[in-house]
Amino acid sequence: MKGLTFVHWSKTQAPIFSRFRAGAALFGLAWALGVTFAACVLMFAWVVLSVGPVYNFSTFVIAGSVFGAVTGGAFCGRAAGSMGLAHGFLTGLSYGLLLAALFYIGSSAGFSAAELLARALLLGVVGSFGGLLGVNSHIRRGLPARE
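## Some details on helix α5 (residues 113-135)
- Its 23 residues place the ends of α5 33 Å apart at the C-alpha level, agreeing with the 33 Å of an ideal helix rising 1.5 Å per residue.
- When we look at burial in α5, the residues that qualify are Leu116, Ala120, Leu123, Gly124, Val126, Gly127, Ser128, Gly130, Gly131, Leu132, Gly134 and Val135.

This is the structure we're talking about:
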């Protein structure tokens with residue numbers, strides 16, 4: 001457990017919003033959407049290349065969105081270098097809200113708005129876990145921590 005960064009207290013009294021890096025959050029959101037797009041391409045290839053009459057991809061869609069949130073949070077936390085939980089949560093939440101908006105627009109009776117917001121919050125929590133992994137990714141590589 002030595003060397004893991006959970007909370008980092010700053011000696012400067014800079015406001016938290018000035019330490020937040022919006023570019024890192026957008027970078028993580030791009031990674032999350034890219035991973036989800038790759039999962040969709042794999043499912044499309046599965047349908048095209050196999051000969052099944054019915055396909056049930058609900059588990060794969062959920063796994064792809066969760067993996068996208070974790071990956072987006074990790075790359076966001078790595079790019080930010082600090083406040084991985086906050087950066088990852090914002091990336092996962094914005095990714096979840098984007099998916100919720102797409103599902104709400106495209107589905108006539110699929111989910112209620114409360115269910116979609118709960119899923120967006122869940123993706124935010126998963127993204128914060130990814131952000132924590134991204135900030136601490138320097139440990140696996142043997143590199144010094146960013147300040």
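## Section: the layout of surface pockets
- Roughly 400 Å³ of volume is contained in the second largest pocket.
- Along the walls of the second largest pocket sit 20 residues, with Val61, Ile62, Ser65, Phe103 and Arg119 positioned nearest its centre.
- Elements that contribute at least two residues to the lining of the second largest pocket include exactly α2 (22-49), α3 (58-80), α4 (84-106) and α5.
- Considering each element in turn, the lining of the second largest pocket owes the most residues, seven residues, to α3.
- Split into classes, the residues belonging to the lining of the second largest pocket amount to 14 nonpolar, five polar and one charged.

## Quick look at α3
- With 23 residues, α3 extends 33 Å between its outermost C-alpha atoms, agreeing within 8% with the 33 Å of an ideal straight helix rising 1.5 Å per residue.
- Buried-residue contacts for α3 involve α2, α4 and α5.
- Phi turns positive, to about 85 degrees, at Gly81, one or two residues after α3.

## Focus on the side chain of Ser65
- Relative to the assigned elements, Ser65 resides in helix α3.
- Here Ile62 takes part through its backbone oxygen, which lies 2.9 Å from a polar atom of the side chain of Ser65.
- Non-local contacts of Ser65, meaning those with residues more than four positions away in its chain, are made with Thr36, Tyr95, Leu99 and Leu123.

## Overview of the environment of Val126
- Along the polypeptide, Val126 turns up in helix α5.
- When its relative accessible area of 17% is taken as the criterion, Val126 is described as buried.
- Along the backbone, Val126 and Thr91 are 35 residues apart, and their C-alpha atoms lie at a distance of 9.9 Å.
- If near-sequence neighbours (up to four positions away) are discounted, Val126 is found in contact with Val66, Ala69 and Val70.

What counts and how
Residues numbered from 1 in each chain as written. Predicted model: local features only at pLDDT ≥ 70, side-chain atom pairs only at ≥ 80, totals over all residues. Heavy atoms only, no water. Helix = DSSP H or I, 4+ residues; strand = E, 2+ residues; numbered from the N terminus. Expected span 1.5 Å × (residues − 1). Buried < 20%, exposed > 50% of the residue type's maximum accessible area, 1.4 Å probe, protein only. 1 Å grid on protein atoms, 1.4 Å probe; cavity = no way out; pocket = protein on both sides within 12 Å on 5 of 7 lines; lining within 4 Å. Points joined across faces, edges and corners; volume = space filled by probe spheres on them. Nonpolar A, V, L, I, M, F, W, Y, C, P; charged D, E, K, R; others polar. Contact = heavy atoms within 4.5 Å. Polar contact = N/O pair within 3.5 Å; in protein donor to acceptor, adjacent residues only side chain to side chain.

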